Amino acid sequence: LSYVAIILANLIVRYSHISRATAGMTILALGAQIPDTISAYELAKNGQSDAAISQAVGSQVINLTIGLGFPFALACLYEGHGVKTSNNGTILNLSILLACMIFIYIAIFFFHLHRQASLFKSIVSRSHGWFFATAFFLIYALSILTAEFSWPPHKIN
């Protein structure tokens, strides 16, 4: 399986002209999400859609807040000042990711594409799935732009 991941990363590098580090991180991130995806799929298939949504969104919130926020907070406490990033778009990228997570919460609770029983009870449809898959690819494309091409070109302070 790891050999297949290396081959896949090399194919990504060859055809997309991104760095090996970005391709490796992409494979690592996708590999880490496979168990979450399978869990959410099985929960939804067994009629536990609320648990599937909570599992999928909750794992991302934990990754972003604890997995990223806690180490940075410790580094700031240890160093006595903020942590500098080497890429101009890192803070922008994290801000957009956080905004997308907030938007997904709002979309899950308030935007309904089908008939609903009440304000907080809805049907998660195929169009919702396509919407979230499209959002993933847009966020991923933005992440590649910020990581590989130093977009935006100006510095964010």
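This report concerns the structure included in the present document. None of the values given here were measured: they were computed from a predicted structure.

### Notes on the overall build of the protein
Thinking step 1. Looking only at helices and strands, one finds five helices and zero strands in the protein.
Thinking step 2. Mapped in sequence order, the helices and strands of the protein form the string α-α-α-α-α.
Thinking step 3. In the protein, which comprises 157 residues, the proportion classed as buried is 17%.
Thinking step 4. Of the contacts made within the protein by residues no fewer than 6 positions apart, 51% connect residues no fewer than 24 positions apart.
Thinking step 5. In the structure as shown, the protein presents an accessible area of about 11600 Å², 70% of it carried by carbon and sulfur atoms.

### Here's the deal with helix α5 (residues 126–148)
Thinking step 1. Helix length check: α5, at 23 residues, gives a terminal C-alpha distance of 33 Å against a target of 33 Å (1.5 Å per residue), a fit within 8%.
Thinking step 2. Buried residues of α5: H128, I139, L142, I144 and T146, and no others.

### Side note on the nonpolar core
Thinking step 1. Within the largest apolar cluster, six residues are counted, these being A9, V13, I18, A23, I27 and I144.
Thinking step 2. For this core, the secondary-structure elements that each account for two or more residues are α1 (2–16) and α2 (20–45).
Thinking step 3. Ignoring any residue separated from it by four or fewer positions in sequence, one finds A9 in contact with A23 and I27.

### Considerations on the pattern of salt bridges
Thinking step 1. In the structure shown here, the tally under the stated rule is one salt bridge.
Thinking step 2. In this structure, E42 and K45 form a salt bridge, with 3.6 Å as the shortest nitrogen-oxygen distance. On the criterion of helical spacing, the pair formed by E42 and K45 is a turn pair, its members being three residues apart in helix α2.

### Looking at the side chain of D36
Thinking step 1. By the element assignment, D36 lies in helix α2.
Thinking step 2. Of the side chains with opposite charge, K45 lies nearest to the buried D36, which makes no salt bridge, at 17 Å.
Thinking step 3. Excluding residues that lie within four positions of it along the chain, D36 makes contacts with Q55, S59 and Q60.

### Side note on the environment of M101
Thinking step 1. Topologically, M101 is positioned in helix α4 (residues 90–110).
Thinking step 2. For the pair M101 and V61, spaced 40 residues apart in the sequence, the C-alpha separation amounts to 7.9 Å.
Thinking step 3. Beyond its immediate chain neighbours, meaning those up to four positions away, M101 contacts Q60, V61 and L64.

### Topic: the packing of α2 against α5
Thinking step 1. Taken N-terminus to C-terminus, the directions of α2 and α5 make an angle of 150°; their axes are 11 Å apart at the nearest point. Between α2 and α5, the angle falls in the class roughly antiparallel. Like other packed secondary-structure pairs, α2 and α5 cross with a definite hand, here right-handed. In contact with T22, T26 and L30 of α2, α5 contributes F136, Y140, I144, A147 and E148.
Thinking step 2. The class makeup of the residues in the contact of α2 with α5 is five nonpolar, two polar and one charged.

### Topic: the packing of α2 against helix α3 (residues 49–79)
Thinking step 1. Following both chains from N to C, one finds α2 and α3 inclined at 160°, their axes separated by 6 Å at the closest point. In terms of axis orientation, α2 runs roughly antiparallel to α3. For the crossing formed where α2 meets α3, the hand is right-handed. Along its contact with α2, which presents Q33, D36, S39, A40, L43 and A44, the element α3 presents S49, A51, A52, Q55, A56, S59, Q60 and N63.
Thinking step 2. When the residues that make up the contact of α2 with α3 are grouped by side-chain class, the tally is six nonpolar, seven polar and one charged.

### Some details on α2
Thinking step 1. With 26 residues, α2 should reach 38 Å at 1.5 Å per residue; the first-to-last C-alpha distance of 37 Å fits that figure.
Thinking step 2. A bend of about 30° at I34 is the largest found in α2, and the proline P35 appears one to four places after it.
Thinking step 3. All of the buried residues in α2 are T22, A23, T26, I27, D36 and A40.
Thinking step 4. Buried residues in α2 make contact with α1, α3 and α5.

Procedures and definitions
Here, residues in each chain are numbered from 1, in the same order as that chain's written sequence. A pLDDT threshold of at least 70 governs which residues receive local features in this predicted model, and a stricter bar of 80 or more applies before side-chain atom pairs are shown or counted, although totals over entire chains, interfaces and linings include all residues. Only hydrogens and water are set aside when side-chain values are computed; all heavy atoms of the structure are taken into account. Runs of H or I in DSSP of at least four residues are treated as helices and runs of E of at least two as strands, each being numbered from the N terminus. Partly exposed describes any residue whose relative accessible area lies between the buried limit of under 20% and the exposed limit of over 50%, with all areas from a 1.4 Å probe on protein chains only and scaled to the type maximum. Pairs of residues are marked as contacts when any of their non-hydrogen atoms sit within 4.5 Å. Accessibility throughout is a Shrake-Rupley quantity obtained with a 1.4 Å probe, and a residue counts as covered only by protein chains that appear here. By this rule, a helix spans an expected 1.5 Å times one less than how many residues it contains. Joining through side-chain atoms within 4.5 Å is the link that ties buried Ala, Val, Leu, Ile, Met, Phe, Trp, Tyr and Cys residues into a set, and such a set is a nonpolar core. The rule for a salt bridge is simple: a side-chain nitrogen of Lys or Arg has to be within 4 Å of a carboxyl oxygen of Asp or Glu. We score Asp and Glu as negative and Lys and Arg as positive, and we do not count His or the chain ends. Fitting a line to C-alpha atoms yields each axis, with helices limited to the stretch in contact; the angle taken between N-to-C directions then spans 0 to 180 degrees. Roughly parallel refers to an angle under 35 degrees, roughly antiparallel to one over 145, roughly perpendicular to one between 65 and 115, and oblique to any angle outside these ranges. Take the far helix as your reference; a near helix turned counterclockwise from it by less than a right angle gives a left-handed crossing, and one turned clockwise gives a right-handed crossing. Only Asp, Glu, Lys and Arg are considered charged in this grouping, and only Ala, Val, Leu, Ile, Met, Phe, Trp, Tyr, Cys and Pro are considered nonpolar; every other residue, Gly among them, is considered polar. Fitting one axis to the seven residues ending at a residue and another to the seven starting there, the bend at that residue is the angle between the two axes.

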